[in-house]
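Inside the fold
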Amino acid sequence: MTMRRLPDIAIRECVGELRAACRLPIDQQALDVLIERLRPNFERILGHPDGVKRWADHGQRMRDNGRHLGALADFYGDRDRVVSVEALTRAFQAVREDCTVRAEVTPLAFEYCRPTGDPLPEDAVHVDQSRRTRVPEEV
């Protein structure tokens, strides 16, 4: 029996949610491009010694993001009756905007969605500081 790696399991779970939420066929190349774009983040975060705890803390919200991504991809692909690279990219951009997974701080889960090499937003909490809270700005 082969041991599966946590990043691969996590990606598979998120893709499963994406597929479940999308009624349209998904262009496999589009899906492969998205997965390979996000894989380094999953590897870095879940390959860490605390990876199991991190996935326990963030897994459900990341699967939810996969489901939202699938629903939006279905919406954007409706005209063409297929989820193309363009439809999946537009859906990802929308989900990425809310990828802070509705938390008070920019949590570790934000790290899953940012393209590799993109700088963190100014108010982001670094991976190692994911438990810190951000003081809200005065209105």
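Residues numbered from 1 in each chain as written. Predicted model: local features only at pLDDT ≥ 70, side-chain atom pairs only at ≥ 80, totals over all residues. Heavy atoms only, no water.

This part covers the nonpolar core. Core analysis: the biggest nonpolar cluster contains 28 residues, and F42, W55, L69, V83, L88 and Y112 have the highest contact counts within it. For this core, the secondary-structure elements that each account for two or more residues are α1 (6-21), α2 (28-46), α3 (51-77), α4 (85-97) and α5 (108-113). The element contributing the most residues to this core is α2, with 8 residues. (Core = buried A, V, L, I, M, F, W, Y, C linked by side-chain atoms within 4.5 Å. Buried < 20%, exposed > 50% of the residue type's maximum accessible area, 1.4 Å probe, protein only. Helix = DSSP H or I, 4+ residues; strand = E, 2+ residues; numbered from the N terminus.)

Counted at 1.5 Å a residue, the expected span for α4 with its 13 residues is 18 Å, and the 18 Å between its end C-alpha atoms agrees. Those residues of α4 not exposed but buried are A87, L88, A91, F92 and V95. Looking straight down α4, one finds its buried side chains confined to an arc of 130 degrees; they lie on one side. In α4, the exposed residues that point more than 90 degrees away from the buried face are E86 and E97. (Expected span 1.5 Å × (residues − 1). Arc of directions from axis to C-beta.)

Now for the packing of α1 against α3. Running from N to C, α1 and α3 point in directions that differ by 25 degrees, and their axes come no closer than 7 Å. What the angle tells us is that α1 and α3 run roughly parallel. Seen from above, α1 lies across α3 with right-handed handedness. Along the contact surface, α1 presents L6, A10, E13, C14, E17, L18 and A21, while α3 presents G51, V52, W55, M62, R63, G66, R67, L69, G70 and A71. (Axes fitted to C-alpha atoms, helices over the stretch in contact; angles between N-to-C directions. Parallel < 35°, antiparallel > 145°, perpendicular 65-115°, else oblique. Left-handed = near helix turned anticlockwise from the far one by under 90°. Contact = heavy atoms within 4.5 Å.)

Turning next to unusual backbone geometry. Even without glycine at this site, R81 takes up a positive phi of about 65 degrees. For R81, the position within the fold is in the loop between α3 and α4.

Okay, the pattern of salt bridges next. Counted by the stated rule, this structure contains 10 salt bridges. Residues E43 and R5 are paired through a salt bridge, measuring 2.2 Å at the closest nitrogen-oxygen approach. Within this pair, whereas E43 is found in helix α2, its partner R5 is found in the segment before α1, the two being separated by 38 residues in sequence. As a salt-bridge pair, D74 and R23 come within 2.9 Å of each other at their nearest N and O atoms. Here D74 is found in helix α3, whereas its partner R23 is found in the loop between α1 and α2, with 51 residues between them in sequence. Judged by its relative accessible area of 63%, R23 falls in the exposed class. Linked by salt bridges that have partners in common, R5, D8, E36, R39 and E43 make up one network. (Salt bridge = Lys/Arg side-chain N within 4 Å of Asp/Glu carboxyl O.)

The subject of this paragraph is the side chain of R54. Topologically, R54 is positioned in helix α3. A polar contact of 3.1 Å, which involves the side chain of R54, links it to the backbone oxygen of I45. (Polar contact = N/O pair within 3.5 Å; in protein donor to acceptor, adjacent residues only side chain to side chain.)

Our next topic: the confidence of the model for the protein. Of all residues in the protein, 70% have pLDDT values of 70 or greater, and the mean over the chain is 79. Considering each helix and strand of the protein separately, the mean pLDDT is smallest for α5, with a value of 64, and largest for α1, with 97. Every residue in residues 120-139 scores below 50 in pLDDT, and together they form 25 contacts with partners more than four places removed in sequence or on other chains. (pLDDT = per-residue confidence, 0-100.)

Let's shift gears to the packing of aromatic side chains. Under the defined criterion, the tally for this structure stands at 1 aromatic pair. Ring geometry for F75 against Y76: centres 5.3 Å apart, planes inclined by 65 degrees, an arrangement best described as edge-to-face. Judged by relative accessible area, which is 58%, F75 ranks as exposed. Exposure remark for Y76: the relative accessible area of 24% places this residue in the partly exposed category. (Phe/Tyr/Trp six-rings, centres within 6.5 Å; stacked < 30°, edge-to-face > 60°.)

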